Amino acid sequence: MLNEDTIEQMLISVLQKNGWTYIPADKMPRQDSEVMVESMVKAALIRLNPEIAEEPSRADEVIYKLRSLILSAQPHNLIAQNETFKKLVFEENSFPFGKDGRMVPIRFFGTMTRENLALNEYVVTNQWCFPTREGGKRLDLVLLVNGFPFIIGELKTPFRDAITWLDGAKDIADYEKSIPQMFVTNVFNFASEGKCYRYGSVNMPIDMWGPWHTPDDKTEGTLISVQKSVVDMITPEKVMDIFQFFTMFATDKKYRKYKIICRYQQYEGANLIVERVKAGYPKKGLIWHFQGSGKSLLMVFAAYKLRMIPELKNPTVVIVDDRLDLETQITATFNASDIPNMAAARTKEELIKFFEGDMRKILITTIFRFGDVDKCLNESSNIILMVDEAHRTQEGDLGEKMRTALPNAFFFGLTGTPINRVDKNTFRTFGAEEDKSGYMSKYSFSDSIRDGATLPLNFEAVPVELHVDKEKINEEFDLMTKDLSEEDKAELSRRVNMKAIMYDRKRIKKVCEHIAKHYQEKIEPNGYKGQVVVYDRDCCLMYKEELDKLLGPDASTIVMDTNNDKADKYKAYRRDRDEESKLLDYYRDPKTPLKLVIVTAKLLTGFDAPILQVMYLDKPMKDHNLLQAICRTNRTYDSGKTFGLIVDYIGIFDNVANALNFDEEGMKKVITNIEEVKKKLPQLVNDCMDYFTGIDTGKDDWEVLLEAQERLPDDKAKDRFAAYFRVLARAWEALSPDPCLTEYRDDYKWLAKVYESVKPTDSRGALVWAAFGAKTMELVHQNIIVGEAEEPDEIITMDAELIDDFIAAQKDIKKTTMKVEINLVAMIQRHSKDPKYIELGEKLEKLRDQHKQGLIGSIEFLKMLLSLAREAARAERTVVPEEEIDRGKAALTELFNGVRNEKTPIIVERIVNDIDGIVKIVRFDGWQNTTEGQKEVKKALRSIIWIKYKLKNQEVFDQAYSYIEQYY
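Every value quoted in this text rests on a predicted model; they were computed, and no experiment measured them. (Residues numbered from 1 in each chain as written. Predicted model: local features only at pLDDT ≥ 70, side-chain atom pairs only at ≥ 80, totals over all residues. Heavy atoms only, no water.)

Visitor: Just give me the short version of the packing of aromatic side chains, but keep the residues and values in it.
Guide: Applying the stated criterion across every chain yields a total of 33 aromatic pairs. Taking 5.5 Å as the distance between ring centres and 20° as the angle between the ring planes, the aromatic pair formed by Phe 95 and Phe 97 counts as stacked. A ring pair is formed by Phe 245 and Tyr 304, whose centres lie 6.3 Å apart and whose planes are at 65°; its orientation type is edge-to-face. Here the residue Phe 245 occupies a position in helix H9 (residues 236-245), and Tyr 304 occupies one in helix H11 (residues 295-308), the gap between them amounting to 59 residues. Across the pair, Tyr 304 and Phe 245 agree in class, each one buried. Each residue in the set Tyr 691, Phe 692, Phe 721, Tyr 724, Phe 725, Trp 732, Tyr 748, Trp 750 and Tyr 755 is aromatic and connected to the rest through ring pairs, giving one cluster. (Phe/Tyr/Trp six-rings, centres within 6.5 Å; stacked < 30°, edge-to-face > 60°. Helix = DSSP H or I, 4+ residues; strand = E, 2+ residues; numbered from the N terminus. Buried < 20%, exposed > 50% of the residue type's maximum accessible area, 1.4 Å probe, protein only.)

Visitor: Please give an account of the environment of Pro 282 that cites residues and values.
Guide: When you line up the elements, Pro 282 lands in the loop between helix H10 (264-279) and strand E11 (284-289). Taking the C-alpha atoms as reference points, Pro 282 and Gly 431, 149 residues apart in sequence, are found 9.8 Å from one another. Among all residues touching Pro 282, those that are not within four sequence positions of it are Arg 276, Phe 410, Ala 432 and Glu 434. (Contact = heavy atoms within 4.5 Å.)

Visitor: So what's going on with the sheet that holds strand E4 (residues 122-130)? Which residues, and what values?
Guide: Pairing within the open sheet is mixed, and its 6 strands lie in the order E1-E4-E5-E6-E7-E8. Here the strands that pair on one side only, and so sit at the sheet edges, are strand E1 (21-22) and strand E8 (197-200). Sheet topology places strand E7 (residues 188-192) next to E8; 4 bridges connect them, and they run antiparallel. From the neighbouring strand, Phe 190 faces E8, where its bridge partner is Tyr 199. (Pairing = 2+ DSSP bridges.)

Visitor: Explain the side chain of Lys 86 residue by residue, including any values.
Guide: Position of Lys 86 relative to the elements: it lies in helix H5 (residues 78-90). There is no salt bridge for the buried Lys 86, and the closest opposite charge comes from Glu 91, which lies 7.2 Å off by N-O distance. Setting aside residues up to four positions removed in sequence, Lys 86 forms contacts with Glu 91, Phe 243, Gln 244, Thr 247 and Phe 249. (Lys, Arg positive; Asp, Glu negative; His and termini not counted. Salt bridge = Lys/Arg side-chain N within 4 Å of Asp/Glu carboxyl O.)

Visitor: Please give an account of helix H21 (residues 537-551) that cites residues and values.
Guide: Counted at 1.5 Å a residue, the expected span for H21 with its 15 residues is 21 Å, and the 21 Å between its end C-alpha atoms agrees. Looking at H21, one finds that the buried residues are Cys 539, Cys 540, Met 542, Tyr 543, Lys 544, Glu 546 and Leu 547. Between the side-chain oxygen at the start of H21 and the backbone nitrogen of Asp 538 there is a gap of 3.2 Å, and the oxygen is on Asp 536. Gly 552 sits one or two residues past H21 and shows a positive phi near 95°. (Expected span 1.5 Å × (residues − 1). Polar contact = N/O pair within 3.5 Å; in protein donor to acceptor, adjacent residues only side chain to side chain.)

Visitor: Account for the confidence of the model for the protein chain, naming residues and giving values.
Guide: Fine structural detail should not be taken from predicted coordinates in areas where pLDDT scores are low. Here the protein chain averages 79 in pLDDT, while 75% of its residues score no lower than 70. Contacts for the low-pLDDT stretch residues 763-768, under 50 throughout, to residues beyond four places or in other chains number 26 contacts. (pLDDT = per-residue confidence, 0-100.)

Visitor: Talk me through the side chain of Asn 526; I want residue IDs and the actual numbers.
Guide: Relative to the helices and strands, Asn 526 is located in the loop between helix H20 (505-523) and strand E19 (529-533). On the accessibility criterion, Asn 526 (19% relative accessible area) is buried. At 3.4 Å, the side chain of Asn 526 and the backbone oxygen of Lys 522 are in polar contact.

Visitor: I'd love a proper account of the pairing of strand E9 (residues 247-251), names of residues and values included.
Guide: E9 sits mainly inside the fold: 4 of its 5 residues count as buried. Sheet analysis places E9 next to strand E10 (residues 257-261), joined by 5 bridges and oriented antiparallel. Residue pairing in the sheet places Thr 247 in a bridge with Ile 261 of E10. The turn linking E9 back onto E10 is made up of 5 residues, and Tyr 255 within it adopts a positive phi angle of 65°.

In structure tokens:
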């Protein structure tokens, strides 16, 4: 059978061919409690350092320092210790081993050249135990360089569909908490179930783990694809390269450290730039990596490596962009990454001074600073320019001016949108003839979506009357002017233009009403935010005015360029860079009331706000400007955000298709039109319902649910059904609450009930069985009670000793077993966060596995199920005991006694009883975790406190609600 051990042995074989020496864990010269293999570390220190070779005991001094660093690791300081290790290796590596105790740098590893890399010892081992053999953690694969564990891999079986690489990644995340010492010297970790390969750095959220593909093969899903990823990525040369140049430590805005590791397209793009500079030819190249796939970090990695390679002799690296906001963003990325020797040229004079002074640093500037430069500033060939959004830098002759100023420099163009073949300037300036496709590296929209770097884009149609229908306008105009002379018609045509249509107040009011309704119903309940893109600055003011009436003034703001505002029309929105930056951080915070930003030109490029899901687009746009704008919505955010959404009031979808058609036809398929989703919905429902042909789904009882489960007899069938239902659930999320769903709602609710009833009760198989969207969950919570038994007490309270008599009275053991099992699953899921029920879920899964493997018979299985059911029933009776409610009443009594005074002569006992009575009516198990539950309880509470007793005090309301949430 294909299992973890098979994959483990296959990968060991692959890694041996890649240059790693295999040593079984029990043959490694180490104690189980040791992280480093100290004999290997000592041998490497002696091998690489003459000063230590002449006095080998000096290695012990270094090892003592390393040991202290490793042993002091705790979960909360793991990233800091990981960074300290890298600094110790490459920066703070001086020891007093020179003549007369002089400080000299020592080498831990051979790096960069093939000869140096060959001086390292590369080892792979398996089933590594730490910190003890019995009761310690057992790691599937550990790869070591010179005795330091650099890589940890966890493998899962491909035999069961519900188990995925995600389960292995979760194991590693748990190890980082329980044995952080094993990760102090870590470069990266990987996980696989024999179908997909994913890797990530220390403490990286699992949803950010990425695949590793080669430029020629980006397929996955088979053992061969996993093998190809490992063969390409885990070579001694690449691991050392990633360690030295492609892992970095950054600081977020809350001053927390995090570790960055390159994605495969960043590694490829940055190294292609480095290799081209090392070779000296060709002196240019064009990189197309789609919006949101990490171009800024690609430039960080490339700049850092270019600066650190000795043979390039300290080059000048220049990052050029074409927007002030991009300049700010890129500077922030570099600064957060702690890259040394940074400089900025904020004026033309600073730019001239920088180049004429031959400064050897990393410079960040904008293309426009070259605008007034008409002479050579520096003839050095050791200057490398990386020009961001290269397709837009040809305004006027700015590209030529850069060439004039720096005639011998390297010019690399990076773009996030495909470049139209007719844009000869961009290809002439950056495209090298040696690159047959025109690009030296390409990472398309479909690549980024497949890898999970970005999300698909959905387009939603709006009511026809809100569209700006140009053909209709022309028809109406011709009809209206049929009696005018051509001269008069031409004059009128000049006046009746697009601006007149976009300024129409009646239309703006209708559009804003649609935006407000759409946002409140479809976007806000899921916790996301939006962007409203309008025709010009005056429209910004008009839309803000209408939206304020509908949503309140705190829900939206305008972000615009207020230059040349002679009449002070836009004064309220004049902000300096710091103010604007703080405002955008405020917008990114899910807890703030600011939900929508209204823009016309700003924030359409370079603006990164993953919480942004929807763009309400009411401005004519085309080509790369359009693509860059709509891609603000497709950043990954959380497991619930599965797409970016464009609500199109201008009829722009064809323009998007044309813009995407610049380079590859296939990209159009990535953009999903909501109308297409609607067309597919019947088939998606049928795919799920096909499993249950002949079942009367209109009957909502036990018999029907048992019959449905009979159609999913094993894990394979359940997992296939789950996969189909996940596709349907995503489509449902995208369309909800569209009226087209009405005819399928009953089927969908029934399918959701079946899905819940067969879902594993533990955390395994989290990829296939990931929670479906918020709207679906709400629908399930509101309308579905899974597994409510007709006579639960009769089954659950039965003594296990009487089981044989019970069985004898039943014609169908299997049917009885399924009844008990479904009821038990329902109880466990109702209390899924309670540790007692988590433990019960684990026991149930273990029991299921034993029964499936034939280790226990059907009668014994039912006995054990009944025993578990009794345990669950006992636990459920203690979940919300009456004394909890009493404590809630006591807390409310204390609260209202505190606010009672002459002005509010309330009778405390009466108000508390009123609240207790109405809350008990509207609450249900788990109400705190559903939007509908929270809404109903708040509504009930408001009816008592605000309306009946006239206590309009928000603080009192909030405190009362928090007690109810806690005790009810």
